[in-house]
Amino acid sequence: MEFVEANGARIPSVGLGTWDLRGRTCTRIVERALQLGYCHIDTAEMYENEREVGEGLRASGVKRSEVFITTKIWPTHFAPRDFERSTKECLKRLRLSEVDLLLMHWPNPRIPLAETMGALCNMKQAGLTQHIGISNFTVPLISEALALATEPLVTDQIEWHPYLDQSEIAAACRKHGLAVTAYSPIARGKASRDKVLSTIGAEHGKSAGQVSLRFLIQEGAIVIPRTSKVERLRENLAIFDFVLTKNEMAEIRRLGAAHQSVL
Ligand SMILES: NC(=O)c1ccc[n+]([C@@H]2O[C@H](COP(=O)([O-])OP(=O)(O)OC[C@H]3O[C@@H](n4cnc5c(N)ncnc54)[C@H](OP(=O)(O)O)[C@@H]3O)[C@@H](O)[C@H]2O)c1
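Note that the structure is a prediction, hence the values are computed from the model and not measured.

Enquirer: Could you clarify how one ought to interpret the packing of helix α3 (residues 80–94) against helix α4 (residues 113–125) in this entry?
Expert: Working note: a packed helix pair is described by the angle between its axes plus the distance between those axes. It is the contact of α3 with α4, at a shortest axis distance of 9 Å, that shows an interaxial angle of 35 degrees. For the pair α3 and α4, the crossing hand works out as right-handed. For the pair α3 and α4, contact is made by Pro80, Phe83, Glu84 and Thr87 and by Glu115, Thr116, Ala119, Leu120 and Met123, respectively. Its residues placed into classes, the contact of α3 with α4 shows five nonpolar, two polar and two charged.

Here's what the structure looks like:
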């Protein structure tokens, strides 16, 4: 596993996304992923699967200290008291005393950012999370968040894949030492069927999905692909034994010129 260093955090470059994984499927996928070498799991209170993520962690036999766990607080819980209550509920469902990373899931213009940022920083000071960060924040909002934070922010988790140019947010994060965590990194499956990515992959003996993930890794991002299929877990992790050339990177960047979100 490779790691990305960001404002004091050491974050595994690949994590397992868990949105939409429920019940036994979620527990089993988390358990198998950890046994196969994943050491980073991404969940959120909104995914309603934190209980199963915690069960998968314990079933895997992998030590808690070897796994990086992220959860996120939903914007309707951004008033400081709600934020604290939500964080404690997340930990209760996960059956953990702390997470590694706690994020604001989306910006909420209805609640002053200063209040929520204060609450987020308090969660770190209270030892409920090792690190804090943001998700779906634009360049101006990143600046605002940084001006208000009294603790270091370590990442902005954003949608990023070959069909979406995120170079401006990536540059802003780099400038301030934040990592970018790329969600929907295979464009919700679309990238795995892409002709350009398949052709490039054939040169390296890799699938189009692996090329999509590798592209983001070479752009400096952390990737959190999701799968409900055990056989794909291994595929999405096997992205560190090949390197895309400068020309291949440029060709993939051209796919993003249309700025298409898949959400
Ligand atoms: N912060 C946010 O607002 C936010 C928003 C969205 C997502 N996220 C996080 O990011 C994670 C990943 O994003 P995502 O779930 O939207 O999309 P994604 O990981 O880009 O794509 C998941 C889809 O791709 C398929 N897939 C996975 N690996 C594959 C492979 N090797 N070949 C072919 N198909 C493959 C999966 O199907 P199978 O299950 O059939 O394999 C699934 O339908 C989420 O699970 C969540 O943790 C965060």
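Enquirer: What am I meant to see in the sheet that holds strand β3 (residues 16–17) here?
Expert: Neighbouring strands of a sheet are bound in pairs by backbone hydrogen bonds; such pairs are parallel or else antiparallel. Strand order in the open sheet formed by eight strands is β3-β4-β5-β6-β7-β8-β9-β10, with parallel pairing between adjacent strands. If you trace the sheet from one side to the other, it starts and ends with β3 and β10 (222–223), each paired once. As judged from the three bridges shared by strand β4 (residues 40–42) and strand β5 (residues 68–73), these two strands associate in the parallel manner. Residue pairing across strands places His40 opposite Phe68, the latter belonging to β5.

Enquirer: I keep staring at unusual backbone geometry and nothing clicks. Help me out?
Expert: With phi around 50 degrees, Ser184 is a residue other than glycine that occupies positive phi space. The residue Ser184 is located in the loop between β9 (179–183) and α7 (195–204) in this model. Although it is not a glycine, Arg188 adopts a positive phi angle of roughly 55 degrees. The residue Arg188 is located in the loop between β9 and α7 in this model.

Enquirer: What is the right way to read the site of the ligand from this model?
Expert: For the ligand, the set of nearby residues contains 28 residues, the closest of which are Arg188, Arg226, Thr227, Ser228 and Lys229. Contact distances for the ligand include 2.8 Å between an oxygen atom and a side-chain N or O atom of Ser184. One of the side-chain nitrogen or oxygen atoms of Arg232 is found 2.7 Å away from an oxygen atom of the ligand. Within the complex, 91% of the 910 Å² of free accessible area of the ligand lies under protein. If one sorts the elements of the shell around the ligand by residue count, helix α9 (residues 230–237) sits on top with three residues. Looking at side-chain class alone, the shell around the ligand contains nine nonpolar, 12 polar and seven charged residues.

Enquirer: Can you help me understand the side chain of Ser212 in this one?
Expert: Along the chain, Ser212 falls in helix α8 (residues 208–218). You can call Ser212 buried: its relative accessible area is 0%. There is a polar contact of 2.7 Å between the side chain of Ser212 and the backbone oxygen of Pro185. Non-local contacts of Ser212, meaning those with residues more than four positions away in its chain, are made with Pro162, Pro185, Ile186, Ala191 and Leu197.

Enquirer: Before we go on, may I ask you to explain the side chain of Asn236 in this structure?
Expert: You can see Asn236 is positioned in helix α9. Apart from residues no more than four positions distant in its own chain, Asn236 is found in contact with Val14, Tyr38, Ile186, Leu213, Pro225 and Thr227.

Enquirer: Please clarify how the pairing of β5 should be interpreted in this entry.
Expert: The two faces of the sheet receive side chains in turn, since in a regular strand these alternate between them. Where burial is concerned, most of β5 is hidden: six out of the six residues are buried. Side chains of β5 alternate between two faces, with Phe68, Thr70 and Lys72 and Ile69, Thr71 and Ile73 buried alike. Each parallel crossover has a hand, and the one from β4 via helix α2 (residues 50–60) to β5 is right-handed. When β5 meets strand β6 (residues 99–104), the two strands line up parallel, connected through four bridges. If you follow Thr70 over to β6, its bridge partner there is Leu101.

Enquirer: Looking at this structure, I do not really get the packing of aromatic side chains. What am I missing?
Expert: Note on aromatic pairs: each is described by the distance of the centres and the angle between the planes. Taken as a whole and judged by the stated rule, the model has one aromatic pair. An angle of 50 degrees between the planes, with centres 5.9 Å apart, marks the rings of Phe78 and Phe83 as tilted. There is no split in this pair, since Phe78 and Phe83 are both buried. The lysine or arginine in question, Arg10, covers the ring of Phe3, its NZ or CZ lying 3.8 Å from the ring centre. Above the ring of Trp19, the side-chain terminus of Arg188 is found at 4.4 Å from the ring centroid.

How each quantity is defined
Residues numbered from 1 in each chain as written. Predicted model: local features only at pLDDT ≥ 70, side-chain atom pairs only at ≥ 80, totals over all residues. Heavy atoms only, no water. Axes fitted to C-alpha atoms, helices over the stretch in contact; angles between N-to-C directions. Helix = DSSP H or I, 4+ residues; strand = E, 2+ residues; numbered from the N terminus. Left-handed = near helix turned anticlockwise from the far one by under 90°. Contact = heavy atoms within 4.5 Å. Nonpolar A, V, L, I, M, F, W, Y, C, P; charged D, E, K, R; others polar. Pairing = 2+ DSSP bridges. Near = heavy atom within 4 Å. Polar contact = N/O pair within 3.5 Å; in protein donor to acceptor, adjacent residues only side chain to side chain. Areas by Shrake-Rupley, 256 points an atom, 1.4 Å probe, with all protein chains shown as cover. Buried < 20%, exposed > 50% of the residue type's maximum accessible area, 1.4 Å probe, protein only. Right-handed = clockwise from strand over helix to strand, strands pointing away. Phe/Tyr/Trp six-rings, centres within 6.5 Å; stacked < 30°, edge-to-face > 60°. Lys NZ or Arg CZ within 6 Å of the ring centre and 35° of its normal.

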